[in-house]
Amino acid sequence: MKCPFCGQENTRVIDSRPVPDNNSIRRRRQCDECGKRFTTYEKIETIPLVVIKKDQSREQYDRAKIQGGVMRACYKRPISVKKIETLIDEIETEIFNKEEREVPSTLIGEIVMDKLKELDAVAYVRFASVYREFKDIDTFMDELKKMMN
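Basis of the calculations
Residues numbered from 1 in each chain as written. Predicted model: local features only at pLDDT ≥ 70, side-chain atom pairs only at ≥ 80, totals over all residues. Heavy atoms only, no water. Helix = DSSP H or I, 4+ residues; strand = E, 2+ residues; numbered from the N terminus. Buried < 20%, exposed > 50% of the residue type's maximum accessible area, 1.4 Å probe, protein only. Contact = heavy atoms within 4.5 Å. Pairing = 2+ DSSP bridges. Axes fitted to C-alpha atoms, helices over the stretch in contact; angles between N-to-C directions. Parallel < 35°, antiparallel > 145°, perpendicular 65-115°, else oblique. Left-handed = near helix turned anticlockwise from the far one by under 90°.

### A closer look at the environment of Val112
- Mapped onto the elements, Val112 comes out in helix H3 (residues 105-119).
- Classification of Val112 by relative accessible area gives buried; the value is 3%.
- Separated by 10 residues in the primary sequence, Val112 and Val122 place their C-alpha atoms 14 Å from one another.
- Among all residues touching Val112, those that are not within four sequence positions of it are Ile66, Val70, Ile91 and Phe127.

### Looking at the pairing of strand S2 (residues 24-31)
- Sheet topology note: the strand S1 (residues 11-18)/S2 ladder contains seven bridges and is antiparallel. If you follow Arg17 over to S2, its bridge partner there is Arg26.
- Connecting S1 to the antiparallel partner S2 that follows it, the hairpin turn spans five residues, and Asn22 within it adopts a positive phi of roughly 60°.
- Pairing of S2 with strand S3 (residues 37-43), which is carried by seven bridges, proceeds in the antiparallel orientation. Residue Ile25 lies in a different strand from S3, and its bridge partner there is Glu42.
- Counting the residues in the hairpin turn of S2 and S3 gives five residues, including Gly35, whose phi is positive at 85°.

### Looking at the packing of helix H1 (residues 63-73) against helix H2 (residues 81-97)
- The contact between H1 and H2 brings their axes to 10 Å, and the two run at 135°. When the interaxial angle is binned, H1 and H2 end up oblique. For the pair H1 and H2, the sense of crossing is right-handed. Contacts between H1 and H2 pair Arg63, Ile66, Gln67, Val70 and Met71 from the former with Ile84, Glu85, Leu87, Ile88, Asp89, Ile91, Glu92 and Ile95 from the latter.

Right, dumping it as structure tokens:
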């Protein structure tokens, strides 16, 4: 590991700790040359995941897309960023635990909706209205009735 301060490759690990998400390790390092300390994070490498979209095209999995949709659904709701990040981590864990190389976007959407339903009803309805492409007020009301039962 190169030192970010002097560029030397002689660094040593002083301390290692797991990060609360259980998917990475935090390491404190010290440069043998300049003596400065810095932190690195090692993340578990997962298998590459391809998402099969509704039109049957395929694209590389992108966490930012889920994050963007969840953030829009939670806009102006009393939900902390930490809770949103935890939710996205849970969604990712569920997707990757399927151990499939290709996952339909519909499955991802359903997982997101299930998690949002547990987190916040308004965020759930916002996400569902876009995801399920509600065409009129009747389909919107049907979804609300399902949620209330």
